[in-house]
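These are the residues of each chain, in order.
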Amino acid sequence: MYDHIVVPTDGSDASAAAVDHGVSIAEPHGATVHFLHVVDVGTEMSAPGTVAPELAETLEREADDVLDAAAAQAEETGVTYERTVLEGTPHEAIAEYSADRAADLIVMGASGRSGITDRLLGSSTDRVIRSAETSVLVARP
């Protein structure tokens with residue numbers, strides 16, 4: 001039933017719950033978990049087409065740390081995984097990545113670290129639910 005499960009993660013408690021669920025679902029099905037971290041570089045943080053080198057390094061380190069933690073959990077249970085860092089608008093990148101991989105399921109946290117803007121406009125999870133063609137499981141911490 002499940003061959004490819006996409007688990008976007010940002011290091012928040014909610015995304016840690018998503019990692020737990022994604023790995024738990026993948027294990028009995030022999031599915032591959034695709035851990036995905038989307039770097040949302042807002043307009044105030046970048047010049048057209050470029051990011052300050054210091055900011056880019058910080059974001060890259062953060063992405064590696066988040067994906068390292070998810071990968072360690074998959075390795076503990078023997079689950080096959082891939083890890084990917086993308087840059088863009090999170091809900092668009094998640095939906096596109098899932099479609100490109102013919103994912104069977106997206107497992108996301110109920111809320112992440114995005115703050116007040118998402119509370120006003122709708123969370124990335126809400127947007128993925130509305131835009132992705134893949135089934136979405138919402139995990140709560």
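Draft legend 1. Structural context of the overall build of the chain. Looking only at helices and strands, the chain features five helices and seven strands. Going from the N terminus to the C terminus, the chain shows its helices and strands as β-α-β-β-β-α-β-α-β-α-α-β. Looking at the chain as a whole, 43% of its 141 residues qualify as buried. Here the contacts in the chain between residues at least 6 apart in sequence split such that 76% fall between residues at least 24 apart. Looking at the chain as shown, the accessible area adds up to about 7,800 Å², and 48% of this sits on carbon and sulfur atoms.

Draft legend 2. Region of the structure containing the packing of aromatic side chains. Enumeration over the complete set of coordinates arrives at one aromatic pair. Ring plane angle 50° and centroid distance 6.1 Å describe the contact between F35 and Y81, whose orientation is recorded as tilted. With F35 in strand β2 (residues 32-39) and Y81 in strand β5 (residues 81-87), this pair connects stretches of sequence that are 46 residues apart. Residue classification places F35 among the buried positions, given a relative accessible area of 0%. Accessibility expressed as a relative area gives 25% for Y81, which makes it partly exposed.

Draft legend 3. The arrangement of helix α2 (residues 53-77) in detail. If you check α2, its first and last C-alpha atoms are 36 Å apart, about what 25 residues at 1.5 Å a residue would give, namely 36 Å. Those residues of α2 that sit buried are L59, A63, V66, L67, A70, A71 and A74. Tucked into the core, α2 has its buried residues touching α1 (13-29), β2 and β5.

About the thresholds
Residues numbered from 1 in each chain as written. Predicted model: local features only at pLDDT ≥ 70, side-chain atom pairs only at ≥ 80, totals over all residues. Heavy atoms only, no water. Helix = DSSP H or I, 4+ residues; strand = E, 2+ residues; numbered from the N terminus. Buried < 20%, exposed > 50% of the residue type's maximum accessible area, 1.4 Å probe, protein only. Contact = heavy atoms within 4.5 Å. Areas by Shrake-Rupley, 256 points an atom, 1.4 Å probe, with all protein chains shown as cover. Phe/Tyr/Trp six-rings, centres within 6.5 Å; stacked < 30°, edge-to-face > 60°. Expected span 1.5 Å × (residues − 1).

Spatial relationships are all this shows, so hold off on functional conclusions.
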